[in-house]
Amino acid sequence: MCVAVPGKIVKIDGDYAKVNVLENLTDVNIKLVEAGVGDYVLIHAGCAIEVLKEDAAKEIIDLFQELQEVFDDEA
Amino acid sequence: MMKLEQVIKALKEYDGEPVKIMEVCGTHTKSIFQHGIRSIISPNIQLISGPGCPVCVTAPSYIDRLVELSLKETYCVLTFGDMMKVKGTQMSLTEAKAMGAEVKVLYSPLGALTEAENHKDTQYVFAAVGFETTTPVYALLLDEIQKRNIKNLKLATSIKTILPALSFICENETSIDAFLSPGHVSVITGSRIYEELAAAYKKPFVVAGFEGEHILAAIYEIMTQLKGKRYQVKNLYSNAVTEEGNQKAEALIHQYFEPTDDAWRGIGTIKQSALKLKEEYKEYDAGGSQEEVIEALPPGCRCTDVILGRIQPVDCPLFQKVCTPLHAVGPCMVSSEGACGIWYQNS
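Per an unreviewed UniProt entry, chain A goes by the name HypC/HybG/HupF family hydrogenase formation chaperone and belongs to Lacrimispora xylanolytica. Quoted verbatim from the Sequence similarities (unreviewed entry) heading of the UniProt record, the comment on chain A is "Belongs to the HupF/HypC family."

See below:
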């Protein structure tokens, strides 16, 4: 039930935004976040619940960078 | 930078004491299967599901209330699809619909606004079920109901909070060594909420995303912490999760809801483990799940042991034999996010 998907804000109209989710445009309520056009948001049940900080690829790289630090600390 | 291959190798070659890691989110359970995580790590690292599906832990008497409301003249129950097949003591919403009840599935609670505005002679009740991820959406719905002066839309609440359930598990199920904290619940609550439990019960709590890499990294982090006898909260889903969570969402939740004791199906009452509407908003309240009496699970059903991480779904004698998604005996088989349902689909 807690499934959420990322999407990119294309247009904002008040509390709602047109968000591109896998090339589909969908209306999403953005009242729970401070987001602008071009931002990636995490969408759950028709609402944006958080603004994503960076692209997914960079996140995975950062993740393994962090693991290396954990590994080094333990070594 | 550490390579994925190194992480996998370390997890594959682990031959120390058996370790039990509980994931507390149905989407993690699914992802573990989809990425074949179990097949690439040591059998000494056991991944076990916890109470990560709000549908599965919703009390049967709450379903009874929804069924009763849906059968009332001029009433219509609005719900997420997951709730349709879950049985109360008598029947499910799907069965009630077959008997002529008004039940409609919505993708977003906010869709209820249009329904209510377009059919003013119908009394709508939204089945507000969920964990922290969904609660702010219900708060937004209440905001809009007031703003638009809608008089024919109420919420029947069964809104659970994950921390008291985790606390219950830490206190009662001592065989669990660490937790994979739920990613999307943590988006709202922040990663900080697990700190007290991590310190008190000496368990690592690692917040993870849903890609295979996220989960492997989280398991690696847990194993490293256990090896070093460190028991900390670590957020490995920092793209979406912050330490303090979504404050705007939290503020809105606390505007409308307050904590209360609640019944968890198969477990019993857990103190302060749910949210109910505050007294000043009672005109929007179609009842909560709090005052319900827990009915026993069907004979032979071991959903309690599954939810508490004591057994894997395959260890239940009913699993895949008499209990299947089409003829579910226990709640964990009904929902697509329930541990038994996920194991069935992937086994």
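*Asks:* Sorry, what's going on with the overall build of chain B here?
*Replies:* Each helix and strand counted, chain B has 15 helices and 12 strands in total. Relative to the 2.2 N^0.38 estimate, which gives 20 Å for 347 residues, the radius of gyration of chain B is 20 Å and therefore close to what a compact globule would have. Across the 347 residues of chain B, 61% fall into the buried class. Of all intrachain contacts in chain B linking residues separated by at least 6 positions in sequence, the fraction that spans at least 24 positions is 76%. As displayed, chain B offers around 13,600 Å² of accessible surface, 51% of which is attributable to carbon and sulfur atoms. Between the averaged position of the 34 positive side-chain charges in chain B and that of its 41 negative side-chain charges there is a distance of 3 Å.

*Asks:* Explanation requested: the state of the cysteines in the structure shown.
*Replies:* As used in these notes, a disulfide is a covalent bond between sulfur atoms, one from each of two cysteines. In the structure shown here, the tally under the stated rule is zero disulfides over all chains. Free cysteine Cys332 of chain B: the closest other cysteine sulfur is in Cys303 of chain B, separated by 3.5 Å.

*Asks:* I tried to follow the interface of chain B and chain A on my own but got confused; where do I start?
*Replies:* Bring the parts together and some accessible area is lost; that lost area is often taken as the interface size. Listed as interface residues are 51 residues of chain B and, on the opposing side, 36 residues of chain A. Interface area, chain B with chain A, both sides summed: about 3,900 Å², of which 62% is carbon and sulfur. Scanning the region where chain B abuts chain A turns up three salt bridges. The residue Glu34 of chain A makes a salt bridge to Lys248 of chain B at a minimum N-O spacing of 3.1 Å. One can count nine residue pairs in polar contact (both at pLDDT 80 or more) joining chain B with chain A. Breaking the side of chain B that touches chain A down by element, the ones donating at least two residues are helix H1 (4-12), strand E5 (123-130), helix H7 (135-147), helix H9 (183-189), helix H11 (212-227), strand E9 (233-235) and helix H12 (247-256) of chain B. Counted by class, the side of chain B that touches chain A contains 26 nonpolar, 14 polar and 11 charged residues.

*Asks:* Got a minute to help me understand the pairing of strand E6 (residues 153-160) of chain B in this structure?
*Replies:* Remember that side chains alternate between the two faces of the sheet whenever the strand is regular. All names here are of chain B. Taking burial as the measure, the eight residues of E6 include seven buried ones, the bulk of the element. Pairing geometry for E5 and E6, over seven bridges, is parallel. By the bridge assignment, Ala127 is partnered in E6 with Ala156. Regarding the hand of the β-α-β motif, the stretch spanning E5, H7 and E6 is right-handed. By the bridge criterion, two bridges tie E6 to strand E12 (residues 285-288) in an arrangement that is parallel. Across the sheet, Leu155 pairs through a bridge with Asp285, a residue of E12.

*Asks:* What's the story with the pattern of salt bridges in this structure? I'm lost.
*Replies:* Opposite charge on two side chains makes pairing possible when the charged atoms of those side chains draw close. Residue and element names in this part refer to chain B. Applying the stated criterion across every chain, the model contains 17 salt bridges over all chains. The salt bridge partner of Lys87 is Glu95, with a shortest N-O separation of 2.9 Å. With a relative accessible area of 38%, Lys87 lands in the partly exposed category. Classification of Glu95 by relative accessible area gives partly exposed; the value is 34%.

*Asks:* I'm lost on unusual backbone geometry in this one. Help?
*Replies:* Among all residues except glycine, the phi angle is most often negative; among peptide bonds, the trans geometry is most common. All names here are of chain A. Despite not being glycine, Leu22 shows a phi value in the positive range, around 50°. Looking at the secondary structure, you find Leu22 in the loop between strand E2 (16-21) and strand E3 (24-29). Judged by its relative accessible area of 78%, Leu22 is exposed.

*Asks:* For this particular structure, what's the right way to read H12 of chain B?
*Replies:* At 3.6 residues per turn, the α-helix brings residues three or four places apart onto the same side. Residue and element names in this part refer to chain B. If you check which residues of H12 are buried, you get Ala249, Glu250, Leu252, Ile253 and Tyr256. Viewed along the axis of H12, the buried residues span an arc of 165°, placing them on a single side of the element. Tucked inside the fold, the buried residues of H12 contact H7, H9, strand E10 (257-264) and strand E11 (268-277). In this structure Asn246 caps H12, since a side-chain oxygen of it lies 3.1 Å from the backbone nitrogen of Lys248.

*Asks:* Can you walk me through the nonpolar core in this structure?
*Replies:* It is characteristic of soluble globular proteins that their nonpolar side chains tend to be buried jointly. Formed by 107 residues in total, the largest nonpolar core has its most connected members in Ile145, Leu153, Phe179 and Phe257 of chain B. The element that contributes the greatest number of residues to this core is H7 of chain B, accounting for seven residues.

*Asks:* In this structure, what is going on with the environment of Lys53 of chain A? I would like to understand it.
*Replies:* Secondary-structure assignment places Lys53 of chain A in the loop between strand E5 (47-51) and helix H1 (56-74). Residue Lys53 of chain A is classed as partly exposed on the basis of its relative accessible area of 48%. Put simply, Lys53 of chain A and Asp39 of chain A are 14 residues apart on the chain and 8.6 Å apart in space, counted from C-alpha to C-alpha. In terms of polar contacts, Lys53 of chain A uses its side chain to reach the backbone carbonyl oxygen of Ser238 of chain B, at 3.1 Å.

*Asks:* Before we go on, may I ask you to explain the packing of aromatic side chains in this structure?
*Replies:* Any two aromatic rings considered together are summarised by their centre-to-centre distance and by the angle between their planes. All names here are of chain B. A complete count under the given rule lists nine aromatic pairs over all chains for this structure. Ring geometry for Phe179 against Phe205: centres 4.7 Å apart, planes inclined by 15°, an arrangement best described as stacked. Here Phe179, found in strand E7 (residues 178-181), pairs with Phe205, found in strand E8 (residues 205-207); they are 26 residues apart in sequence, far enough to count as distant. Of the two residues, Phe179 and Phe205, both sit in the buried class. Both rings, one in Phe210 and one in Tyr237, keep their centres 6.0 Å apart while their planes meet at 90°; by these two values the pair is edge-to-face. Remark: Tyr237 occurs in the loop between E9 and H12 and Phe210 occurs in the loop between E8 and H11; sequence separation between them is 27 residues. Of the two residues examined, Phe210 and Tyr237, each falls in the buried class.

*Asks:* Sorry, what's going on with the pairing of E3 of chain A here?
*Replies:* All names here are of chain A. In this sheet, E3 lies alongside E2 in antiparallel orientation, the contact comprising six bridges. Note on E3: the bridge partner recorded for Lys18 is Asp27. Counting the residues that bridge the hairpin from E2 to E3 gives two residues, and of these Leu22 lies at a positive phi of roughly 50°.

Cut-offs used in this document
Residues numbered from 1 in each chain as written. Chains lettered and ligands numbered in written order. Predicted model: local features only at pLDDT ≥ 70, side-chain atom pairs only at ≥ 80, totals over all residues. Heavy atoms only, no water. UniProt positions renumbered as here; feature names shortened; annotations may be inferred. Helix = DSSP H or I, 4+ residues; strand = E, 2+ residues; numbered from the N terminus. Rg over C-alpha atoms; globule rule 2.2 N^0.38 Å. Buried < 20%, exposed > 50% of the residue type's maximum accessible area, 1.4 Å probe, protein only. Contact = heavy atoms within 4.5 Å. Areas by Shrake-Rupley, 256 points an atom, 1.4 Å probe, with all protein chains shown as cover. Lys, Arg positive; Asp, Glu negative; His and termini not counted. Charge placed at Lys NZ, Arg CZ, Asp CG, Glu CD. Disulfide = S-S within 2.5 Å. Buried area = accessible area lost by both parts, 1.4 Å probe. Salt bridge = Lys/Arg side-chain N within 4 Å of Asp/Glu carboxyl O. Polar contact = N/O pair within 3.5 Å; in protein donor to acceptor, adjacent residues only side chain to side chain. Nonpolar A, V, L, I, M, F, W, Y, C, P; charged D, E, K, R; others polar. Pairing = 2+ DSSP bridges. Right-handed = clockwise from strand over helix to strand, strands pointing away. Arc of directions from axis to C-beta. Core = buried A, V, L, I, M, F, W, Y, C linked by side-chain atoms within 4.5 Å. Phe/Tyr/Trp six-rings, centres within 6.5 Å; stacked < 30°, edge-to-face > 60°.

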